Amino acid sequence: MKYVPVLDKGFRPMYAEFKKYSEEVLKSEHKLLKICVERNDGYNYIYEYNVFAVGHAEENNRMAERIVKTILWLVGGYKIYLAGDEGVYEFIKAAYTDKGIRAFDKNFMERVYEKPFEVVLCDEKNFPKEKKCSLSVGGHLDGCRIGFDAGGSDRKVSAVVDGKVVYSEEVVWFPKINSDPNYHYNEILTAFKTAASKMPRVDAIGVSSAGVYVNNKIMVASLFLKVNDDDFNKKVKTMYIDVAKELGENIPLEVANDGDVTALAGAIDLNDDSVLGIAMGTSEAVGYINDKGGLNGWLSELAFVPVDYNKDSMVDEWSGDYGCGVKYFSQDSVIKLAEMGGYKFDEKLSPAEKLKVVQKMMTEGNPLAKQIYEDIGTYLGHTMPFYAMFYGIKHVLLLGRVTSGEGGNVIMERANKILKEEYPELKFTIEMPDEKNRRVGQSIAAASLAATAK
């Protein structure tokens, strides 16, 4: 690699490691490993690559574990089919048990899909056939609309009338440290009512929020980390539905993952398809608008996807895994790199406040701050080829509080430089909206999610 992070010298990009592994495999006796991850309604995703046919079990198992985990968090699912290597199957099956190394992933997917998790060994004859879907989403601009973006550090709301933003605001809140769901409910209701007060009526409500949503119900969301399971099931799962009813009984509502709304914002802005949206904020939120201009129905929870093959890299506190995107493309990455560079934060500060410290350092011309953003751009430049293994990409759009200010431009410029010089076969570039849309663009795009009632 020509460009490497200066502050994080142990970074081993997944794409580079997979490419090196694949090249070594082809020099030896090899065979095809086929992976299928199945989710709701029989929809699935199939991926295949070559593995060592003889020996090298440890290398095969380790790479397969990283690739299977990548696909699982990329598309979502509760059943993994494997064909081609029984040793890899046994390793993956053991990993996705209550005592296995991927117990978190197993339990998370069981909660989302409300089905037991399975790992199944197949032969070529019984391997599943591909089943895809494409869901139309967003782009509705008629009438008086509320768009709400539930960030982990601030909540943003926009009032939009016939496609024109008449009001928008950002308010700091603390959803992740509050165990009382009434706190969340009242904050969301206040935002909705504020936007509603700026318009003659409310015709539709759209919500962009981190997490997994099924029929506007909250299945899993980090915003409610401190809420116990009983309160979650009773008060959180239908919270957006319940809050919307306070503004009117039959107002159309659409709740979408914030990553998908990021991609939607890009597709609307660019008037094109095949858009990968990455929001760098409290976490890494990713979404994708496919070549038909719709959604694949994937989770795209790339915060949990490994981007660093280094086993000694930083561990995500929630999933317990190393090298995952959340520690490379969020405010956690800014904090991590600052500390690697020797900066000592006041421990009383919240992560959002620590980010603001570094952003202020950047405006003052601090060289460490610039290096932090260059290193995040280096992470991104070397990670995009890995993402492109699974997504068809014409455009990459960056949003989120980490990209605010000059730091966002540094990230984008470094990443694009790496793409151009080290991965010229990739024909896309990374783009950003203007400064205002970087911060409130998701709430505006969210306003277009729901179709108005006929």
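For the structure, see preceding data.
Numbering of residues starts from 1 in each chain and follows the order in which that chain's sequence is written. With the structure being a predicted model, the display of local features is reserved for residues of pLDDT at least 70 and the display and counting of side-chain atom pairs for 80 or more, all residues being used for whole-chain, interface and lining totals. Values shown for side chains rest on all heavy atoms present in the structure; no hydrogens or waters enter the calculation.

Let's talk about the layout of surface pockets
Point 1. Method remark: on a 1 Å grid restricted to protein atoms, a set of points is classed as a cavity if a 1.4 Å probe fits but cannot get out and as a pocket if it is open with protein on both sides within 12 Å along at least five of seven lines; lining residues have an atom within 4 Å of a point. Grid points are joined across faces, edges and corners, and a volume is the space filled by probe spheres set on the points. When its volume is computed, the second largest pocket comes out at roughly 910 Å³.
Point 2. If you go around the second largest pocket, you meet 35 residues; those closest to its centre are Leu135, Tyr213, Val214, Asn215 and Gly297.
Point 3. A total of four residues in the lining of the second largest pocket trace back to one element, the largest contributor, which is strand E11 (residues 253-257).
Point 4. Residues are grouped as follows: Ala, Val, Leu, Ile, Met, Phe, Trp, Tyr, Cys and Pro are nonpolar; Asp, Glu, Lys and Arg are charged; every other residue, Gly included, is polar. For the lining of the second largest pocket, the residue count by class is 17 nonpolar, 10 polar and eight charged. Think of it this way: any DSSP run of H or I at least four residues long counts as a helix, any run of E at least two long counts as a strand, and we number them from the N terminus.

Some details on the environment of Glu29
Point 1. Relative to the elements of secondary structure, Glu29 occurs in the loop between helix H1 (14-26) and strand E1 (30-38).
Point 2. Exposure remark for Glu29: the relative accessible area of 54% places this residue in the exposed category.
Point 3. Separated by 25 residues in sequence, Glu29 and Val54 have C-alpha atoms that sit 6.7 Å apart.
Point 4. Excluding residues that lie within four positions of it along the chain, Glu29 makes contacts with Val51, Phe52, Ala53 and Val54. Burial classification: accessible surface area is computed with a 1.4 Å probe over protein chains only, and a residue below 20% of its type maximum counts as buried, one above 50% as exposed, and the rest as partly exposed. By definition, residues are in contact when any of their heavy atoms lie within 4.5 Å.

Here's the deal with H1
Point 1. Each residue after the first adds 1.5 Å to the expected span of a helix. For H1, which comprises 13 residues, the first-to-last C-alpha distance of 18 Å matches the rise-based estimate of 18 Å (1.5 Å per residue) to within 8%.
Point 2. Along H1, the residues classified as buried are Met14, Tyr15, Glu17, Phe18, Tyr21, Ser22 and Val25. The buried side chains of H1 occupy one side of the element, clustering within an arc of 165 degrees when seen end-on.
Point 3. Residues of H1 that are buried make contact with E1, strand E2 (44-52), helix H2 (57-75) and helix H11 (367-387). The reported arc concerns the directions from the helix axis to the C-beta atoms and nothing else.

Quick word on the side chain of Thr452
Point 1. Assignment of secondary structure puts Thr452 in the segment after helix H13 (435-446).
Point 2. A distance of 2.8 Å separates polar atoms of two side chains, one belonging to Thr452 and the other to Asp142. Whenever two N or O atoms come within 3.5 Å, that pair is a polar contact, provided that in protein one can donate a hydrogen and the other can accept it, and provided that, for residues adjacent in sequence, both atoms are side-chain atoms.

Structural notes on the packing of aromatic side chains
Point 1. Aromatic pairs are defined between Phe, Tyr and Trp rings, using the six-membered ring for Trp, whenever the two ring centres lie within 6.5 Å; interplanar angles under 30 degrees are classed as stacked, those over 60 as edge-to-face, and all others as tilted. Summed over all chains, the structure comprises 30 aromatic pairs.
Point 2. On the numbers, 5.1 Å between centres and 45 degrees between planes, the contact of Tyr47 with Phe390 is tilted. Here Phe390 lies in the loop between H11 and strand E14 (395-399) and Tyr47 lies in strand E2, a separation of 343 residues in the sequence. Phe390 matches Tyr47 in its accessibility class, with the two residues each being buried.
Point 3. Here Phe108 and Trp318 contribute two aromatic rings whose centre-to-centre distance is 6.1 Å and whose plane-to-plane angle is 70 degrees, an arrangement assigned as edge-to-face. One end of the pair, Phe108, is in helix H4 (residues 103-113); the other, Trp318, is in the loop between strand E13 (284-289) and helix H9 (331-340), and 210 residues separate them in sequence.
Point 4. For Trp318, a relative accessible area of 34% translates into the label partly exposed.
Point 5. Members of the aromatic cluster, joined through ring pairs, are Phe18, Tyr21, Tyr47, Tyr49, Phe52, Phe386 and Phe390.
Point 6. Lysine NZ or arginine CZ positioned within 6 Å of the ring centre and within 35 degrees of the ring normal marks a charge as sitting over the ring. Cation over ring: Arg62 sits above Tyr309, and NZ or CZ is 3.7 Å from the ring centre.

Some words on the pairing of strand E3 (residues 79-83)
Point 1. Burial analysis of E3 places five of its five residues in the buried class, which makes it a mostly covered element.
Point 2. Alternating residues of E3 divide into Lys79, Tyr81 and Ala83 and Ile80 and Leu82, and every residue in both groups is buried.
Point 3. Relative to E3, E1 is paired through five bridges, and the arrangement is antiparallel. Directly across from Ile35, in E3, lies its bridge partner Leu82.
Point 4. Note on pairing: two strands pair once DSSP finds at least 2 bridges between them. Across five bridges, the pairing between E3 and strand E4 (residues 118-122) is parallel. Each bridged residue has a counterpart across the sheet, and for Lys79 the counterpart in E4 is Glu118.

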